[in-house]
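Spelled out, the chains give:
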Amino acid sequence: MTSRLLIHSGTLITFGTPCRVLEGMALLVEDGRIARIAPKETIPGPFDKVIDARGQVVMPGLLNAHMHFYSTLVRGLGKMTPSATFQEVLDNLWWRLDRQLTLDDVEVSAQVVLLDAIRKGTTTLVDHHASPFAITGSLDRIAQAVQATGVRACLCYEVSDRDGAAITTEGLEENARFARRCQAEQDPQLRALFGLHAAFTLSDATLERAAALGREVGTGFHVHVAEAASDVAVNLEQYGLTPTARLHAHGLLGPNSIAAHAVHVTDADIDLLAATDTFVAHNPQSNQNNAVGIADVVKLAARGVRVGLGTDAMTVNMLEEIRMAMWAQHLRQNHPSCAFMEVANTLFVRNPEQAARLWGFPLGTLAEGAAADIILVDYHAPTPLNSDTVLGHLLFGISQATVDTTICAGRVLLEGKRLTIAVDEAALAAKSRELATRLWERF
Ligand SMILES: [Zn+2]
């Protein structure tokens, strides 16, 4: 690892509130953190490495708040029966697929998608993993891929009751085991949450056990909430509560928990999410793809819910996802100029905020003391670029530009658009194709 790295002559975009644009400032990285932001001439050498960022914007590495690495191996799979509802999407595709995953599939799919994340400037990902017939050790195999690629990830196993009691127990134990491992090792690349599929696939008894174990290992929870109307209908019919209210009744919401989607939430649910300070991961591309509706980001934010941005495995390109979030919200609100700040805040404010809670130190922002997770993007601003205009540049221009350099924890992972980590991409892709072919045969 480079111990003293200087990045100079680029335009700095800080993210956070306010998102500032700094010209004439250099960044000094020491031992994985941003040690100084100051004019170049005021930072004395020597340096182990110097990067000239002329013609580039220098920004924090991007963060993905809801992801499923394992879905990489589904690309091009055309064998499933066409689905008419969200439940059929699960039955015909995802639950058929994840039951066939092996530990090798799990690790290789993570490696492939994490390399792609590096190329897109995404340095921190919160994953939600399922492989019901290869559970024990699955999070270690993903962790191995995370460590090998040099990014950061927060992992969990998605417990559900859909495959019987023994598999439920194995999933609960995998979460607890991995959380204990993370606490013991304190590897700054790895964090754990306690994963749950969704309220409609979990009995009260399982929610109770998860809550107790999660409290014991000291993690928040990561769970799909009210993604489709069917989640709400099943919970109301069987338990007399909405998914949000039911999770809350079991103590599963809270400042370290992530509720993915929150598309079909009532006003009372929104108040619960706000009161418990639960983070909502909005996934607009996935919601459109599954035709489940679009979360009301404007209403959620107005009522005090912290809404961030995930991709639900549709992409690792966060600037693509945020553009989609903007257009989807315009359609949702039937208003072409609403929601600009609410949507911008998801990626540039809320995701860094939640990641800092999970990791226990600041990341996702350019600030002295924050993690040195930094990307350089080729960009010559064709209109004035300053703190007033930066969000427009991010959405309409920088999102279309190329990531040149990706740095995570002070380590350069991509430079000059080439991966600098020891990995044979062609061999990895060949291995992935081989595993995918076998997986598709079993599907
Ligand atoms: Zn998901």
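Above this text is the structure in question.
Residues numbered from 1 in each chain as written. Predicted model: local features only at pLDDT ≥ 70, side-chain atom pairs only at ≥ 80, totals over all residues. Heavy atoms only, no water.

1. Some words on the sheet that holds strand E15 (residues 279-282)
Remark on secondary structure: sheet strands pair via backbone hydrogen bonds, oriented parallel or antiparallel.
At step 1: The sheet built from five strands is open, its strands ordered E12-E13-E14-E15-E16 with parallel pairing. Two strands lie at the open edges of the sheet, namely strand E12 (194-198) and strand E16 (306-309), each paired on one side alone. Mean inter-strand twist for the sheet, computed between neighbouring axes without regard to direction, equals 25°.
At step 2: For E12 and strand E13 (residues 221-225), the ladder comprises four bridges, and the chain directions are parallel. Bridging across to E13, alanine 198 finds its partner in histidine 224. (Pairing = 2+ DSSP bridges. Helix = DSSP H or I, 4+ residues; strand = E, 2+ residues; numbered from the N terminus. Axes fitted to C-alpha atoms, helices over the stretch in contact; angles between N-to-C directions.)

2. Observations regarding the side chain of threonine 406
At step 1: Tracing the backbone through its elements, the reader meets threonine 406 in strand E18 (residues 403-408).
At step 2: On the accessibility criterion, threonine 406 (0% relative accessible area) is buried.
At step 3: Once you skip the residues sitting within four places of it in the chain, threonine 406 turns out to touch Ile118, Gly121, Thr123, Ile374, Ile375, Arg411, Val412, Leu413 and Leu414. (Buried < 20%, exposed > 50% of the residue type's maximum accessible area, 1.4 Å probe, protein only. Contact = heavy atoms within 4.5 Å.)

3. Quick look at the coordination of the zinc ion
At step 1: The coordination sphere of the zinc ion contains the protein donors His66 (NE2), His68 (NE2), His224 (NE2) and Asp312 (OD), at a distance range of 2.1 to 2.2 Å.
At step 2: Coordination at the zinc ion comes from four donor atoms whose angles at the metal span 86 to 166°, giving a geometry best classed as irregular.
At step 3: Within one chain, the residues donating to the zinc ion are spaced in sequence as H-x1-H-x155-H-x87-D. Of this pair, histidine 68 sits in the loop between strand E8 (62-67) and helix H1 (86-98) while histidine 224 is found in strand E13, placing the two residues 156 residues apart along the sequence. (Donors = N, O, S within 2.8 Å, 3.2 Å for Na, K, Ca; no water. Tetrahedral: all angles 85-135°; square planar, octahedral: opposite > 155°, others 65-115°.)

4. So, the packing of helix H3 (residues 138-149) against helix H4 (residues 165-185)
Geometry of a packed helix pair, given as the angle between the helix axes and the separation of the axes.
At step 1: For the pair H3 and H4, interaxial distance at closest approach is 9 Å and the crossing angle is 40°. Regarding the angle of H3 to H4, the classification is oblique. Residues Ser138, Leu139, Asp140, Ala143 and Gln147 of H3 lie in contact with H4, whose contacting residues are Glu174, Arg177, Phe178 and Arg181.
At step 2: Looking at the contact of H3 with H4 residue by residue, the class counts come to three nonpolar, two polar and four charged. (Parallel < 35°, antiparallel > 145°, perpendicular 65-115°, else oblique. Nonpolar A, V, L, I, M, F, W, Y, C, P; charged D, E, K, R; others polar.)

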